[in-house]
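# Coordinate analysis (summary)
What follows is each chain in one-letter form.
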Amino acid sequence: MMTEMKYILSLDVGTTSVKTVLFDVTGHEVARHVCEYELLKPKPDFVEVDPDVYWHAACEGIRGIFHDSAVSKDDIVSVGVTSQGETLIVLDENGRPLCNAIVWLDNRAKAEAALIAEKFSRSEVYRITGQQEIAPAWTASKILWLRNHEPEIFKKVSKILLVEDYLIYRLTGEFATDHALNPSTLYYDMINGCWWREMLEFLKISEKQLPSLLNSGEIAGRVIADVGLNKNTPVTVAPIDQISAAVGAGNIAAGMITETTGCALAVCATTDKPVYDEKMRFGIYRHAVPGLYVMLPWIPAAGMILRWFRDEFGGGMDYSELCDIAINVPAGAEGLLLLPHFCGMTLPQVNPDAKGVFYGLTLSHKKRHFVRAIMESVAFSLRESIELLEQNGLKAEKIISMGGAARSRLWLQIKSDVLHRDFVTMACEESTCLGAAVLSAVGTGCYEKLNDAVNAMVHPFEVVMPENGQIYDSVFYKYKKLNGLFLNSAF
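Residues numbered from 1 in each chain as written. Predicted model: local features only at pLDDT ≥ 70, side-chain atom pairs only at ≥ 80, totals over all residues. Heavy atoms only, no water.

## Remarks on the overall build of the chain
Scanning the chain for helices and strands turns up 15 helices and 24 strands. Against the compact-globule benchmark of 23 Å for 491 residues, the chain has a radius of gyration of 22 Å, which places it among compact chains. Overall size of the chain, expressed as C-alpha extent along the three principal axes, is 65 × 55 × 45 Å. Sorting the 491 residues of the chain into buried and exposed places 59% on the buried side. Restricting the contact set of the chain to residue pairs at least 6 apart, pairs at least 24 apart contribute 71%. Surface accessibility of the chain: about 20,100 Å² in total, with carbon and sulfur atoms responsible for 50%. Taking the average place of the 46 positive charges on the side chains of the chain and the average place of its 60 negative ones, the gap between the two points comes to 4 Å. (Helix = DSSP H or I, 4+ residues; strand = E, 2+ residues; numbered from the N terminus. Rg over C-alpha atoms; globule rule 2.2 N^0.38 Å. Buried < 20%, exposed > 50% of the residue type's maximum accessible area, 1.4 Å probe, protein only. Contact = heavy atoms within 4.5 Å. Areas by Shrake-Rupley, 256 points an atom, 1.4 Å probe, with all protein chains shown as cover. Lys, Arg positive; Asp, Glu negative; His and termini not counted. Charge placed at Lys NZ, Arg CZ, Asp CG, Glu CD.)

## A look at empty space enclosed by the protein
In this structure the tally under the stated criterion is one cavity of 30 Å³ or more. Each pocket or cavity is described by its volume, and for the largest cavity that value is around 50 Å³. For the lining of the largest cavity, the per-class residue count stands at five nonpolar, four polar and one charged. (1 Å grid on protein atoms, 1.4 Å probe; cavity = no way out; pocket = protein on both sides within 12 Å on 5 of 7 lines; lining within 4 Å. Points joined across faces, edges and corners; volume = space filled by probe spheres on them. Nonpolar A, V, L, I, M, F, W, Y, C, P; charged D, E, K, R; others polar.)

## Structural notes on the nonpolar core
Among the nonpolar cores identified, the biggest contains 90 residues, and I160, Y187, I257 and L389 are the most heavily contacted of them. Looking at this core, the element that brings in the most residues is helix α11 (residues 367-391), giving twelve residues. In contact with I160, not counting residues within four places along its chain, are L88, I89, V90, I143, Y187, I205, Q209, L210 and P211. In this structure, C35, I62, V103 and L161 belong to the second largest nonpolar core, which totals 43 residues. (Core = buried A, V, L, I, M, F, W, Y, C linked by side-chain atoms within 4.5 Å.)

## Comments concerning the sheet that holds strand β2 (residues 17-24)
Taking strand neighbours across the sheet as the criterion, the six strands line up as β3-β2-β1-β5-β14-β13 in an open arrangement whose pairing is mixed. Looking at strand neighbours, the two that pair on one side only are β3 (29-36) and β13 (219-222), the edges of this open sheet. Averaged over all adjacent pairs, the angle separating strand axes in this sheet is 20°, with direction ignored. Those strands touched by helix α1 (residues 51-68) are β1 (7-13), β2, β3 and β5 (76-83), and its axis lies near 145° from that of β3. Its contacts with the sheet put helix α6 (residues 163-172) on β1, β5, β13 and β14 (234-236), and the angle it makes with β5 is roughly 150°. (Pairing = 2+ DSSP bridges. Axes fitted to C-alpha atoms, helices over the stretch in contact; angles between N-to-C directions.)

## Quick look at the environment of G262
Tracing the backbone through its elements, the reader meets G262 in the loop between β15 (257-261) and β16 (265-271). On the accessibility criterion, G262 (26% relative accessible area) is partly exposed. Through-space distance from the C-alpha of G262 to that of A302 is 6.8 Å; in sequence the pair is 40 residues apart.

## Notes on a nonpolar patch on the surface
A cluster of nonpolar residues, W308, F313 and F342, forms a patch on the protein surface that exposes about 270 Å² of accessible area. Considering the arrangement of structural elements, one finds F342 in the loop between β20 (337-339) and β21 (357-359). Overall, F342 belongs to the partly exposed group, its relative accessible area being 31%. (Patch = residues over 30% accessible without salt bridge, like charges linked within 9 Å, V, L, I, M, F, W, Y side chains within 5 Å. Salt bridge = Lys/Arg side-chain N within 4 Å of Asp/Glu carboxyl O.)

## As for the pairing of β3
Across seven bridges, the pairing between β2 and β3 is antiparallel. Of the residues in β3, the one forming a bridge with V18 is C35. Joining the antiparallel neighbours β2 and β3 is a turn of four residues, in which G27 adopts a positive phi near 90°.

The structure is reproduced here in structure tokens:
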């Protein structure tokens, strides 16, 4: 390991912002910059971003880091880049975007997803790519939409990229991507670690249009752009953001589980082989560690429900204040239950038409009861996810918790009680960026092995243990029963 202090810059390109974080090689956060941007919604189901917006946000973040810290560009060892998955960016032969990025939230490609499903069975797609459904969100559906609806643009496509790939290209001039970023494109063969030839042929695209596949932490290229960094600084690839976050929380061995409650709820359970669910209720991804895999059940609406409630009914209260008013509400929110299907349902079954439900309302319920019911509903969804993983052979005594909800001691306690498990929080709140930094530290020789980097850079903060689990068993039973009633109804 290096004897003098060096630093790693991480870029995390999210749905509505780029986070730029500077870490030293002990995992200490030195500076952070967040640049937000707006999503374009020109038509129903269309969600877009000008690719230059991603680039300018990254450049602003890099400048902001140097403005806010005393670190010299000479001390930057490398740059690690991670991002959301699925979002499609297409370039012409000169490397210029041909159209706006089609964001993963975009739902325009419903008919194209159906066409893919006619050609490839759901079970075949699950076996090869690890994705349990054929959805408009996946990159393959978006490419097919572009071919069918914008043929003149499709003819000019020279390169097909995801957001991480695009930033790496702008930084280095190289076209490279991470194996573990691509399973949800629907044209990546997860088992064989290569592009899925039959899907490429169906989409009428070629491997030449795709970036080179690298393992997590490998050097994609070196900085050539004028962004305030030294030219020749190595730039490394990283997995999709959820798996980068898992690495940033130390989840690098089979049997470990991390959960992230941000806008959505996602669970990353690491295994030493791909584990397929008979009912195809969760996706499977490649881990950052070659030879490991991640079972990834998720629900689309979690923390965003609390945000919705804050914005519409919070009366100017912030998240901390909302959590405070829910502290003294008894477990079970005095009979108020929420089914959190505000953006459809993924568990216990996939149903994009499912809706959210507040049930059990009486005149005695106050704002604080709604907040408590929202928190508990996410914990119930998390328990369903963990029980699903247990049905598929995975056991875990503790769960590492990340995301915005990990800042709420109350929410952590609710989760711990509902699941009868210890919950561990991390000292670094930006686990996604830290994961990219950890991998970059290994890829550029700061540490010889990933275990060494994790031991040096990833630091637990607190353990929350169950206190009131028995009460929640009965509430969870009522939640499942209510969910079953709505699943089996004609609504």
